[in-house]
Amino acid sequence: MKETVEDLAIFGGRPLFSKTQSTGQLHARPLENFLSIVREAYDARRLTNDGPIVQRLERTCAALHGVPHCIAVTNAGIGISMLLRELAATRNGVEVIVPGFSFRGLPHFIRSAGQTPRFVDVDVNTHTLDVVQVAKAISPDTTAILAVSSVHSFGSRDELVRLAAQRGVPLVFDSVYALGGQYYGRAPGAGGTAEVFSLHATKLINGFDGGYITTTDAQLALRLRSQRNFALGSVAGWSPVAGLNGKLNEIHAAMALAVLPELPRVIDTNRERFLKYKSELADCPGLRLLESNKPEVESSSHVLNVLEVGEPWPYSRNDMLRILRAEGMGVRAHYSPPASRARMNPSDVPSITLPVTDYLAERSLQLPGGDGMSERNVQDFGALCGFLFRHSCDVSAMMAKPYACK
Amino acid sequence: MRLQDLAAFGGQPLFSELKHTAQMNLPEWSKLKNTLRGIVERSYFTNHGPLVNQLEQEFAKALGVRHAICVSNGTSALMIMCRALGMRGEVIVPAFTFPATVQALTWAGVTPVLCDVHSQTQTPTARQVEACITRRTTGVLLTHVWGQSAYSDDIQKLADAYALNLIFDACQAIGCTHLGHQLGNFGKAEAFSFHATKIVNATEGGCITTNDDHFARCFRAARSFHETPDDPPGILRMNGKMSEAQAAFALLTLEEFEQNLTANHDRYTAYCRELSALPGIVVGVYSDSEVNNYQYVNVYIEAEVCGLTRDELFDLLAAENIICRRHFSPGMHRIPPYDSMPQQIGRTFPVTDRLCERIMQLPNGQQVSIEDVTRICGLLSEIIALAPEIRAYHQSHQCLG
């Protein structure tokens, strides 16, 4: 453990972790389950094109979410673009309402669908769309609301559903972080017009990369199935939008199916890790692990632990990023810059200022999680934070001298 | 053979399992298993992993091209290529192509303008392309149909004269050449497919090749949301990443490319030999002076000679578990939403229509043996001999209906 300030890796000391710890779940056990399902695909010589393993995954996920329709797709981003293009086809506008404090890919998914993002600010506690702001933003130009569940909260889901219904606007949930959580005792999946989930390796269900859409709308499900396969085949009474290859392959589906039975255990382990983080940070004023303020209503899978760094903690979020990265922690700035000001936004999407979004984007930090982050690792991290707090004057003074930092 | 011996008329199907047109080449199970095991042990599943990097290097080397950028599928490759080149307005594209060629343009925010093709080359001539150019045209996207080059000096000169981006859909063209040079080196960039139906199989997968360093940076930026200091600003991005599992399949089948090509060629040659005397069924010919991957065994059905239409033959073969394909039928000018676009209204595509009516692909790939080819051709011969009876049967049932 660190004894002097010079022991910190940022000043040339030995890093706390020999291997960089990832923020992602990266769960892939048991390996033999995966290989045996791959063998089915191999023996059947069927590797893609809506194969039996993808169909099995779709049935399993539909049951998990309690919905009649699940459509597996190449990845969640493609799923969102497919949905937005489909929903816009029967409307006149071009705007999709989306939270500013969200993943930097969202403006791209919206532009891919031929739509324009209309960024709206978020609630400071739930980090999800502020319903009052959404109500003001809806216009005849709105083709959809793209609501995003945060890592710790479903937000004002019911109010959004009511508002969207009243105003006749389709509501799509980006539920990537909602997977494994519950809202009023139920799994997400049947909210709004449709919900989109991810099978990226860093998420709760590892399908290498991949995603799926859930919906209760049978016609929409049919149209999406046609769209993901180059709009081949016709859906009665519907003129198709441009199709694409939005298919999930059998090998990715095999991995997702192999890890699905492990889900309850993975969520339990995540919760234990979250609680350990929380207890380790109990004596670190100004460091707050995000958690729901309505635990009686909602729960989370804790697939991602996000730390808010604020006063009286003596270091900024960016200082913490530098210090912790040097120690071998794969920490990342969370939604920073936010989607509403992302440097990588398409050239025709201007940056805008949103007070709550910008405030949160300066203080949020993703912590390592998943199988690679053991209880002992979390304990070491807690001890490091304690050390940083106790030696904040010396550390801050040395960090102010550029030559002192490695 | 009697009519009732055909599966469509109650007989036993010729094959107990399906014979597909797709390549579906698989590596040895033990090699595949070990590679997949390695991915899990490394805990590196996607996001530009080591196998994807290796595949990019090996594919670039195989094609003799500076950059190969692997992506999630061939359609993603086309979409990323169009977006990252900043194409706007209208792009000219053949009507005789797979839907993804045209759909990728729509997803890139570009208006596709369909162009008919030449009856021999099945790709647009420079003159046909020029007739489609308007003030809004910014590019030309041509398809190397059946791995046969769509590039020509005339097309390049036309693109240069009008300052148009010239790019290629090379999804069918892995390992194929133009005047001895590997496709993948022409125009500003080319898009390949590693779909399971292709000779290199990543289950799904694709790749963009280019010799231009700047374009390569644009393509790499556009396929993910991972930021690097080299990224050109303002590009429309997507999650177009290839996973390590996809790369594993592709690397193992790329390793077996030569043997799979030889096997394709052997089957193609067997089809040519067996069908040479059959009236009204003409096997598509590949140039001896170019390398082709022989993924596709095309036959052109002359209904007036063999007595049956392409679709009648297709259905009769399907009943025998011989699953042919009818690429690219119907032509893109007949597929919504492109059939009603103002750019296409009032125009005709007679060559595309004629091709779409006659062409059919016969089974090929690892699961089809030379003996299977002989049996398929033997059956075709029997069916043609029964054509008058089949036709009479259909006519009598139509009358009854």
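Placed above this text is the structure.
A. Geometry of the interface of chain A and chain B. Taken together, the contacts link 53 residues of chain A with 50 residues of chain B. On the chain A side of the interface with chain B, the three residues burying the most area are Tyr42(A), Arg45(A) and Met344(A), jointly 17% of the side's total. Inspection of the region where chain A meets chain B yields three salt bridges. Of the charged contacts in the structure, one is a salt bridge between Glu227(B) and Arg343(A), with a shortest N-O distance of 3.0 Å. Where chain A touches chain B, the interface holds 23 residue pairs in polar contact (both at pLDDT 80 or more). Counting residues per element, the ones that place at least two in the side of chain A that touches chain B are helix H1 (31–44), helix H3 (76–88), helix H4 (106–112) and helix H8 (250–259) of chain A. Of all the elements, H1(A) adds the most residues to the side of chain A that touches chain B, at seven residues.

B. Representation of the side chain of Thr352(B) within the structure. Residues and elements named next belong to chain B. By the element assignment, Thr352 lies in helix H12 (residues 350–358). What makes Thr352 buried here is its relative accessible area of 0%. Apart from the residues lying within four places of it in its own chain, the contact partners of Thr352 are Ala95, Phe96, Asp116, Val117, Gly331 and His333.

C. Expanded view of the packing of helix H9 (residues 263–280) of chain A against helix H12 (residues 375–390) of chain A. Residues and elements named next belong to chain A. The N-to-C vectors of H9 and H12 enclose an angle of 20 degrees; their axes lie 9 Å apart at closest approach. By the angle between their axes, H9 is roughly parallel relative to H12. Crossing hand, H9 versus H12: right-handed. Listed contacts from H12 to Arg273, Lys276, Tyr277 and Glu280 of H9 are Glu375, Val378, Gln379, Phe381, Gly382 and Ala383. Broken down by class, the residue content of the contact of H9 with H12 amounts to four nonpolar, two polar and four charged.

D. Layout of the packing of aromatic side chains. Residue and element names in this part refer to chain A. Scanning all chains against the criterion turns up 26 aromatic pairs over all chains. Here the aromatic rings of Phe34 and Phe208 are separated by 5.7 Å at their centres, their planes lie at 55 degrees, and the arrangement is tilted. You can see Phe34 sitting in helix H1 and its partner Phe208 sitting in the loop between strand S7 (194–198) and strand S8 (211–215), a full 174 residues away along the chain. There is no split in this pair, since Phe34 and Phe208 are both buried.

E. Just the sheet that holds strand S3 (residues 90–94) of chain B, in detail. Residues and elements named next belong to chain B. Read across the sheet, seven strands follow the order S2-S10-S9-S6-S5-S3-S4 without closing on themselves; strand pairing throughout is mixed. Two strands close off the open sheet at either side, each with one partner strand: strand S2 (67–71) and strand S4 (111–115). On average, each strand axis in the sheet is inclined to that of its neighbour by 25 degrees, with strand direction left out of account. Bridge count for S2 against strand S10 (residues 206–210) is five bridges, and the pairing is antiparallel. When the sheet's bridge partners are listed, His67 is paired in S10 with Thr210. Contacting S2, strand S5 (137–143), strand S6 (165–169), strand S9 (189–193) and S10, helix H3 (residues 74–84) crosses the sheet at an angle of about 165 degrees to S9. Packed onto the sheet, helix H4 (residues 99–107) meets S3, S4, S5 and S6 and runs at close to 170 degrees relative to S3.

F. Structural detail: the nonpolar core. With 107 residues, the main nonpolar core has Phe34(A) and Phe194(B) as its most contacted residues. Not counting the four nearest positions on each side in its chain, Phe34(A) is found in contact with Phe208(A), Ile251(A), Ala254(A), Met255(A), Ala258(A), Leu36(B) and Val40(B). The next biggest cluster of nonpolar side chains, apart from the first, holds 73 residues, and it includes Ala222(B), Met238(B), Met332(B) and Met341(B).

What counts, and at which threshold
- Residues numbered from 1 in each chain as written.
- Chains lettered and ligands numbered in written order.
- Predicted model: local features only at pLDDT ≥ 70, side-chain atom pairs only at ≥ 80, totals over all residues.
- Heavy atoms only, no water.
- Contact = heavy atoms within 4.5 Å.
- Buried area = accessible area lost by both parts, 1.4 Å probe.
- Salt bridge = Lys/Arg side-chain N within 4 Å of Asp/Glu carboxyl O.
- Polar contact = N/O pair within 3.5 Å; in protein donor to acceptor, adjacent residues only side chain to side chain.
- Helix = DSSP H or I, 4+ residues; strand = E, 2+ residues; numbered from the N terminus.
- Buried < 20%, exposed > 50% of the residue type's maximum accessible area, 1.4 Å probe, protein only.
- Axes fitted to C-alpha atoms, helices over the stretch in contact; angles between N-to-C directions.
- Parallel < 35°, antiparallel > 145°, perpendicular 65-115°, else oblique.
- Left-handed = near helix turned anticlockwise from the far one by under 90°.
- Nonpolar A, V, L, I, M, F, W, Y, C, P; charged D, E, K, R; others polar.
- Phe/Tyr/Trp six-rings, centres within 6.5 Å; stacked < 30°, edge-to-face > 60°.
- Pairing = 2+ DSSP bridges.
- Core = buried A, V, L, I, M, F, W, Y, C linked by side-chain atoms within 4.5 Å.

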